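# An overview of the molecular structure
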Amino acid sequence: MADIKLPPYILQELPDITESINFPIKNIQRIKYTCFDVSKSLIVFGATSGGIYVFNRWPCEFIQLIPNKDGPITRLAISINEKHIGFSNGKGMVTVTECDQNLSRNDSTTSSKEHLGNEVTTMIWSGNMLFTGDDVGKVSVLQLNSFITKSMFHGSSQIIMSLDSRICQLDCRDCMLLVSTLTRCYICNTAQEQYRQIGQKLRDGEFGACFIVSETMANGTTETNIEITEVKKYNIVDDAQFVVGDEFSNALMYCARPSSRIWEATVDGMVRRTHQFKQVLAKPSMKIITTKSYENENVAIENEKYECEGQSVNFSRIYSMNSVIFSFNKRALYFLNINEVDDTVWYVYDDIVDCRTINDMLYVWLSNGSLVSLKFMKIDKFLVKCYIDEKYVLCAELCALYKEYLLENNLTMKMHILIGLRDKLKNNGLLSSVEEVLIKIDKLKSSEATQLKSGIYVVDNPYSQSLLDENFDIKHNDDNLFNTLSPEALQALKGLSVTVSGKFNSSKKILKEKWEDFEEKVKNFSDRNQEITPIRQFDSENTPKWVARDDYSLDDTPVINDEIIFKESSQETIEIDNNLQSKEDKFCKLLYQYSRLSLVNKESESNLISIVEDYSCDISEIYELMLLLEQYCKTVGAIEDSKFVPNNIFLTYLNTCMRKSDLLDLIIKNDVLYKYFVNSCIAVNVKTQKLMNIGCECGFPLPYVRTSQRPVFSELIDEFIERQWSNQTKEQCYEMCKRMPYLWRKILYLRRNEDLLHILRILVQMLDESLLHSFLPQFTLDTWDRAIQLYATLHANICLNCNKKFDNISVRDMLSWDDLGSLIIKSIGGRNAINIMKKHANLIDTGALTIKFYHTCLMVCLFEKIDVTITVALVDTLYSAYEFEEARKQLYALLRNSSDGKICNTALPLIIAATSEHWGLKHVYEKINKTNININDVLEIMTPQLDCTLCGLPLQNDFLIKDGGLWAFKCGHSFHGACLNLNKIKLCPSCTLN
């Protein structure tokens, strides 16, 4: 093969990551991956369960599962900044959710119904906008608006284009959107709200399109967010009216055509030339360098020669990948070189489902569930990699094989490292065959250093990370560190030391002034009241309470709950303070003043940080200061607060300072600091929450009705536990959890990647319904089989860890067998739920499972035949409906009418729907009379929707109500039962029409 001119490209297989990718679902047969996407640092898979599985790209490891209740995911896309994931389900619902989620947060989503009833075929992000195409030619944009709070965002969506056929592919470049359908390609300027057709000739079939930007433009521009103030449908224009800015002069578009052809067009929509690849694809396919062959240094580059007239390929999707265009089908990978057609290469690869590219990396998803990672690079880069990996023989063989290319083309200075082959190789024959190449490489040495005008020589590093590592980002070097800062920001940085120093001094002065003013007020108060006895008071308003998770914020950090009452001894305190001379005593006074002032005036945490860091930034010295503060509190008579004040200040400082992560790492490594941190967390929570005994003697958490609520400094404690876990000090984590049982929630989150059976005891014993909900996608029949056995033991008030009985909590009053049954139905369906409960009937008390459970199982079995995505909402609604007599009667009637095992549609009687917040009528449920519900009250609340959209008549029509009643779908749309039966409608017609 040495006499054949080979294309200078290599496709190398990287170590297998399939096991890591399939790890979260390997024991769950019913869950399969359906789609995937790749970004700079993430790999994300959508699944049949509706869950989104997020992995680190390098190293490949599972990060988290993002749950979703809207059914199997069909398409997904990661935003450019990796903060959001857009995805669609089988019904055409498009949703955007946050990437970074955990059990302790309420994460928001925003949805679009523009494609409801259609199949979403492609999605792509551009800044904060998600563009989506479907099978009927609609293109929509969902724009994320500004964040309202830390965990809530809102989005607006709109159809912007309605084209003639299925959308095959979308691509974006700033404000330009490239759209490829079955018949045409369009270029759209989202800023000008106009689009035009590319070329004139039509086509018929799946063909892709993509942008390619020349190097000069790529290096001179950055990704920007295009803000659209008012989204509306765009207008199609001719070539004369279509407006394109000068910033796109270096951008080109490539549109696939039949018979292995690709159009090249400018961004204004004018076709410049046609590239023909049919003949070049007649060449033999190249061989992928597998992991095994690379390790053994036994590599074959080209397949056997064979006669071929050329391949006629329809490139269904094309992507810009470094200097080539990448495409694929079920049996091959194509790397099309636009500039040098003869350097086009292709590879045979069977059973391909989908592919994603990122820089020079290619991820290939196969029909057997494997995810293969490949790296496409030029031969000179691969040769340097071989040498660094000590594959000297392989490096020399490839130098010989690509000798002609290496001698005829300019080489990068990084290749000078190959000159070491002379010392590494003992095979004289092989060495002699590459001697000419080594001579040329040796000449690179003279240009290795560059002399600047100042006389300084800049020496290039042949081991440069930028040549070998696709994750290397040149923008992160020191020269560019402040490039994005404005002149005003730079000027502010220059004066930072002066400003900060001034704030430190002023904050202490302000504290002192506030303290003196406060004591004067108290003194006046004492004059009016001859004698005040310090009484510790606790009433409904002043007693500290648990803070609900949804309402918790830094402002909820507790303060001392004593009445602020000073006796005449306050004068003694002042005298003592006046005699203080040491630096430590002065700072103790400032900190004590801060803690007392925070009771009347909400003191800024920045004041605390300035006081502490003005004393020292060393965590060990800060710890010593806290011990001195404890003694100071005792000296001034605040004996009861001598522990709490230093503990609270220590945790507040850690929670708000900029170096929190580094300080936590130091605390974990120091036994003394570690013990003080843990004791501080416990002391603060015991004092402010009157902590109940919610842990067993063995340290396992006991079921507790308020475990969904959070202790103070919960975010700080969670981060502390997570950092311990990552530092492999897991036993310390368990010891801390034994003292603060709430923290088992965090442990469960950290162990979420493990086999569920390994953590099932803790999960069941906590008996937290919301926590169980988050793990439902991982439950299988075998898992539930074991969970029921554990619950039966726990139901008898026996600890699942030590088998000791506990009497302070009654499990049967917290989560009944019916409640457990609802979770099982949501997880594995009605039929399986009945079977597994029947299997363990001997563990269940007579009457513990009520008719509510069995009726719900029957209803779920009926509804699943039409729509499996509504199971969770259906179960919650039916369980809620059993609290109302009228709703129960309606349910009995519905089951009697379905005795043949069939239902007409997925709607519920309006009375049943109104008894729950889960069936689209939440506004009705919140206002309805819970003691006596009737149809007239429901209709009165539903004033905005008075008509049935099927017949146009009012919902409140006595004749039609008697004929078939009123029914509501999960979305909340309501209709006459007679109209639904007449039209034989199964799913909501309003949503389908939309």
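Conventions used here
- Residues numbered from 1 in each chain as written.
- Predicted model: local features only at pLDDT ≥ 70, side-chain atom pairs only at ≥ 80, totals over all residues.
- Heavy atoms only, no water.
- Helix = DSSP H or I, 4+ residues; strand = E, 2+ residues; numbered from the N terminus.
- Buried < 20%, exposed > 50% of the residue type's maximum accessible area, 1.4 Å probe, protein only.
- Contact = heavy atoms within 4.5 Å.
- Areas by Shrake-Rupley, 256 points an atom, 1.4 Å probe, with all protein chains shown as cover.
- Core = buried A, V, L, I, M, F, W, Y, C linked by side-chain atoms within 4.5 Å.
- Pairing = 2+ DSSP bridges.
- Axes fitted to C-alpha atoms, helices over the stretch in contact; angles between N-to-C directions.
- Expected span 1.5 Å × (residues − 1).
- Arc of directions from axis to C-beta.
- Salt bridge = Lys/Arg side-chain N within 4 Å of Asp/Glu carboxyl O.
- Polar contact = N/O pair within 3.5 Å; in protein donor to acceptor, adjacent residues only side chain to side chain.
- Phe/Tyr/Trp six-rings, centres within 6.5 Å; stacked < 30°, edge-to-face > 60°.
- Parallel < 35°, antiparallel > 145°, perpendicular 65-115°, else oblique.
- Left-handed = near helix turned anticlockwise from the far one by under 90°.
- Nonpolar A, V, L, I, M, F, W, Y, C, P; charged D, E, K, R; others polar.
- Patch = residues over 30% accessible without salt bridge, like charges linked within 9 Å, V, L, I, M, F, W, Y side chains within 5 Å.

Per an unreviewed UniProt entry, the chain goes by RING-type domain-containing protein and derives from Pieris brassicae.

### Considerations on the overall build of the chain
Within the chain, the regular secondary structure consists of 36 helices and 34 strands. Looking at the 994 residues of the chain, the share that counts as buried comes to 51%. Here the analysis covers contacts within the chain between residues at least 6 apart in sequence; of these, 61% occur between residues at least 24 apart. In the structure as shown, the chain presents an accessible area of about 47,700 Å², 49% of it carried by carbon and sulfur atoms.

### Examining the nonpolar core
One finds Leu763, Phe779, Trp784, Trp817, Ile824, Met837 and Val938 to be the most contacted residues of the largest nonpolar core, which totals 98 residues. Not counting the four nearest positions on each side in its chain, Trp784 is found in contact with Leu776, Phe779, Leu820, Leu823, Ile824, Ser827, Ile828 and Ile836. With 59 residues, the next largest nonpolar core counts Leu6, Leu11, Ile352 and Phe382 among its residues.

### Comments concerning the environment of Glu19
For Glu19, the position within the fold is in helix H1 (residues 18–22). Residue classification places Glu19 among the exposed positions, given a relative accessible area of 70%. Along the sequence, Glu19 and Glu61 sit 42 residues apart, while their C-alpha atoms lie 9.8 Å from each other.

### A look at the sheet that holds strand S3 (residues 42–47)
Pairing in this open sheet of four strands is antiparallel, and the strands run S2-S3-S4-S5 from one edge to the other. The strands lining the two open edges of the sheet, one partner per strand, are strand S2 (33–38) and strand S5 (61–66). Taken pair by pair, the neighbouring strands of this sheet meet at an average axis angle of 20°, ignoring direction. Bridge count between S3 and strand S4 (residues 52–56): five bridges; the pairing is antiparallel.

### Some thoughts on helix H30 (residues 885–897)
The terminal C-alpha atoms of H30, which comprises 13 residues, lie 19 Å apart, in line with the 18 Å expected from a rise of 1.5 Å per residue. If you check which residues of H30 are buried, you get Ala887, Leu891, Leu894 and Leu895. The arc that holds every buried residue of H30, seen down its axis, measures 95°, which confines them to one face. Facing away from the buried surface of H30 by more than 90 degrees, the exposed residues are Glu885, Arg896 and Asn897. On its buried side, H30 packs onto helix H28 (851–864), helix H29 (871–881), strand S32 (908–909), helix H31 (910–913) and strand S33 (966–968).

### With respect to the environment of Leu763
Examined against the element boundaries, Leu763 turns out to sit in helix H23 (residues 756–766). Its relative accessible area of 1% is what places Leu763 among the buried residues. With 15 residues separating them in the primary sequence, Leu763 and Leu748 have C-alpha atoms 7.3 Å apart. Excluding anything up to four places from it in sequence, Leu763 contacts Leu748, Leu756, Leu771, Leu772, Phe775 and Phe779.

### Regarding the environment of Ile759
Counting through the fold element by element, Ile759 comes out in helix H23. When the C-alpha positions of Ile759 and Ile747 are compared, they lie 9.4 Å apart, and in sequence the two are twelve residues distant.

### Notes on the pairing of strand S8 (residues 94–98)
Counting buried residues along S8, five of its five residues qualify, which places the element largely inside the surrounding structure. Of the two faces of S8, the one lined by Val94, Val96 and Glu98 and the one lined by Thr95 and Thr97 are each fully buried. Relative to S8, strand S7 (residues 84–89) runs antiparallel, the two being bridged by five bridges. Bridging across to S8, Phe87 finds its partner in Thr95. In this structure, the hairpin formed by S7 and S8 is closed by a connection of four residues, where Gly92 is found at a positive phi of approximately 95°.

### Quick look at the pattern of salt bridges
One pass over the full model with this rule turns up 19 salt bridges. Between Glu885 and Lys889 there is a salt bridge, with its nearest N and O atoms 3.8 Å apart. Separated by four residues within a single helix, Glu885 and Lys889 lie in helix H30, roughly one turn from each other. Bridged by salt links that share partners, the residues Asp37, Arg317, Asp354 and Arg356 form one connected network.

### A short note on the side chain of Asn647
Among the secondary structure elements, Asn647 is positioned in helix H17 (residues 644–656). At a separation of 3.3 Å, a polar atom in the side chain of Asn647 contacts the side chain of Tyr676. Apart from the residues lying within four places of it in its own chain, the contact partners of Asn647 are Tyr676, Ser680, Ala683 and Val684.

### Describing the packing of aromatic side chains
The final tally for this structure, using the stated rule, is 29 aromatic pairs. Summarising the aromatic geometry, the rings of Phe326 and Phe335 are spaced 5.2 Å apart at their centres and angled 45° between planes, so their arrangement reads as tilted. This pair shows no difference in class: Phe326 is buried, exactly as Phe335 is. Judged by centre distance (5.2 Å) and plane angle (65°), the ring pair of Tyr387 and Tyr392 falls under edge-to-face.

### Some words on H17
Its 13 residues give H17 an end-to-end C-alpha distance of 18 Å, which sits within 8% of 18 Å, the value for a rise of 1.5 Å per residue. Burial analysis of H17 places twelve of its 13 residues in the buried class, which makes it a mostly covered element. Inspection of H17 places Phe644, Val645, Pro646, Asn647, Asn648, Ile649, Phe650, Leu651, Thr652, Tyr653, Leu654 and Asn655 among the buried residues, and these make up the whole buried set.

### Topic: the sheet that holds strand S21 (residues 261–266)
Read from one edge to the other, the open sheet built from four strands follows the order S18-S20-S21-S22, with strand pairing classed as antiparallel. The open sheet terminates on both sides in strands that have one partner only, identified here as strand S18 (209–213) and strand S22 (271–276). Sheet twist, expressed as the mean angle between neighbouring strand axes with direction ignored, is 25°. As paired elements, S21 and S22 share five bridges and run antiparallel to each other. The partner of Ala265 across the bridge, within S22, is Val271.

### A short note on the side chain of His115
Of note, His115 is situated in the loop between strand S9 (109–112) and strand S10 (120–126). Note on His115: relative accessible area 0%, which makes it buried. Not counting chain neighbours up to four residues away, the residues in contact with His115 comprise Lys91, Gly92, Val94, Val120, Thr132, Gly133, Asp134, Lys138, Val139, Ser140 and Ile159.

### Focus: the packing of helix H16 (residues 619–635) against H17
Where H16 meets H17, the axes come as close as 8 Å, and the angle between the chain directions of the two elements is 150°. What the angle tells us is that H16 and H17 run roughly antiparallel. Pair H16 / H17 crosses with right-handed handedness. Residues Ile619, Ile622, Met626, Leu629, Glu630 and Cys633 of H16 pack against Val645, Pro646, Ile649, Phe650, Tyr653 and Leu654 of H17. Each residue belonging to the contact of H16 with H17 can be placed in one class, and the counts come to eleven nonpolar, no polar and one charged.

### As for a nonpolar patch on the surface
Side chains of Ile851, Tyr854 and Tyr892 sit close together on the surface and give an oily, nonpolar patch of about 270 Å² of accessible area. Tracing the chain through its elements places Tyr892 in helix H30. Judged by its relative accessible area of 30%, Tyr892 is partly exposed.

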